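Secondary and tertiary structure notes
So the chains spell out like this:
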Amino acid sequence: MVRKKNLKEENVVKLEKIERGKNSNVSESFYYLLGVVLAFVLIFATSELLSAINYLFVVIFAIIAVIQCINFVMNKEYEKKNYTYMACSIICAWLALFIFQYGDFLFLEMLPILLSLFLFLMAISSLTKYFDFRNKGNLVVAIVSLVLGISLIFIPRNIMYIFFKITGFYILIMFILDFIDYKKNKLKK
């Protein structure tokens, strides 16, 4: 016995075609820009610079909090019972206060830990590239990243800025080499 399908209504999902245009590499460009900025911050890191960055984040989060609160009131989101803007405003205000209060701890004590995590991720990426392509340069990058990452965890505070400069130069070189490799691969396609 053959069953017939009821074809009264079909749901068709259309996929949007993503075209590769001028703005398609924004995230990749932002990635490289962020890496270069991080490298320069580390190269020129002093306690005054890190303190200034601390207050820069306080100001940024405070401005976002005010803008989100104004959006909540001006768009009358309370009538729609949409409290997203207000929640975002409260979170940003809390982050501004938290960074204002504990910013020295975040940028002077936690920065080496976060950098070591970033270096561990670089090491894992390079190690997987080594196993995929058997390029000895990737193995060297993985080993150097691991050594710097481990040393940043255990270094004393009085020589931390020296390691920041070493790590900054290392990250800058890695991002430049990765950018050159990215451009070569992009031109091949």
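The structure this text deals with has already been given above.
In short, a report on the structure.

Calculation notes
Residues numbered from 1 in each chain as written. Predicted model: local features only at pLDDT ≥ 70, side-chain atom pairs only at ≥ 80, totals over all residues. Heavy atoms only, no water. Helix = DSSP H or I, 4+ residues; strand = E, 2+ residues; numbered from the N terminus. Buried < 20%, exposed > 50% of the residue type's maximum accessible area, 1.4 Å probe, protein only. Contact = heavy atoms within 4.5 Å. Areas by Shrake-Rupley, 256 points an atom, 1.4 Å probe, with all protein chains shown as cover. Disulfide = S-S within 2.5 Å. Phe/Tyr/Trp six-rings, centres within 6.5 Å; stacked < 30°, edge-to-face > 60°. Expected span 1.5 Å × (residues − 1). Core = buried A, V, L, I, M, F, W, Y, C linked by side-chain atoms within 4.5 Å.

1. Section: the overall build of the chain
In terms of helices and strands, the chain carries six helices and zero strands. Counting from the amino terminus, the chain carries its helices and strands in the arrangement α-α-α-α-α-α. For the chain, the residues scored as buried account for 28% of the 189 residues in total. In the chain, once contacts between residues fewer than 6 apart in sequence are set aside, the share between residues at least 24 apart is 70%. For the chain, the accessible surface area stands at approximately 14,400 Å², while carbon and sulfur atoms represent 69% of it.

2. Remarks on the state of the cysteines
Scanning all chains against the criterion turns up zero disulfides. In this structure Cys 92 is a free cysteine whose sulfur lies 4.2 Å from that of Cys 88, the closest cysteine sulfur available.

3. With respect to the packing of aromatic side chains
Working definition: an aromatic ring pair is given by the centre-to-centre distance plus the angle between the planes. This model, assessed by the stated rule, comprises 15 aromatic pairs. Ring geometry for Tyr 31 and Tyr 32: centres 5.0 Å apart, planes at 70 degrees, overall edge-to-face. Taking relative accessible area as the criterion, Tyr 31 reaches 43% and is therefore assigned partly exposed. Accessibility expressed as a relative area gives 10% for Tyr 32, which makes it buried. Ring plane angle 50 degrees and centroid distance 5.1 Å describe the contact between Phe 98 and Tyr 102, whose orientation is recorded as tilted. Residue Phe 98 and its partner Tyr 102 are both found in helix α3 (residues 84–109); the two are separated by four residues, about one turn of the helix. You can call Phe 98 partly exposed: its relative accessible area is 30%. Given the relative accessible area of 44%, Tyr 102 is considered partly exposed. Grouped by ring-pair contacts, the aromatic residues Tyr 31, Tyr 32, Phe 118, Phe 175, Phe 179 and Tyr 182 constitute a single cluster.

4. A short note on the environment of Glu 77
Here Glu 77 shows up in the loop between α2 (47–74) and α3. The class for Glu 77 is buried, based on a relative accessible area of 7%. The residues touching Glu 77, leaving out its near neighbours within four places in the chain, are Asn 71, Phe 72, Asn 82 and Tyr 85.

5. Looking at helix α4 (residues 111–133)
Note on helix geometry: an α-helix contains 3.6 residues per turn, so any two residues three or four positions apart are oriented the same way. The end-to-end C-alpha distance of α4 is 32 Å, a good match for the 33 Å that 23 residues give at a rise of 1.5 Å each. Listing the buried residues of α4 in full gives Leu 111, Pro 112, Leu 115, Ser 116, Leu 119, Met 122, Ala 123, Ser 126 and Tyr 130. Of the residues trailing α4, Arg 134 is marked for its positive phi of about 55 degrees.

6. Quick word on the environment of Ala 87
Residue placement: Ala 87 occurs in helix α3. Between the alpha carbons of Ala 87 and Ala 65 there is a distance of 9.3 Å; along the sequence they are 22 residues apart.

7. Points about the nonpolar core
In terms of nonpolar packing, the biggest core is built from 32 residues, with Leu 50, Leu 115, Leu 119, Leu 152, Phe 164, Tyr 170 and Ile 171 touching the most fellow members. At the level of secondary structure, the elements contributing two or more residues to this core comprise α1 (26–43), α2, α3, α4, α5 (136–154) and α6 (160–188). With nine residues, the top contributor of residues to this core is α6. Each residue touching Leu 50, except ones within four places of it in the same chain, is listed here: Val 41, Phe 107, Leu 108, Leu 111, Tyr 161 and Phe 164.

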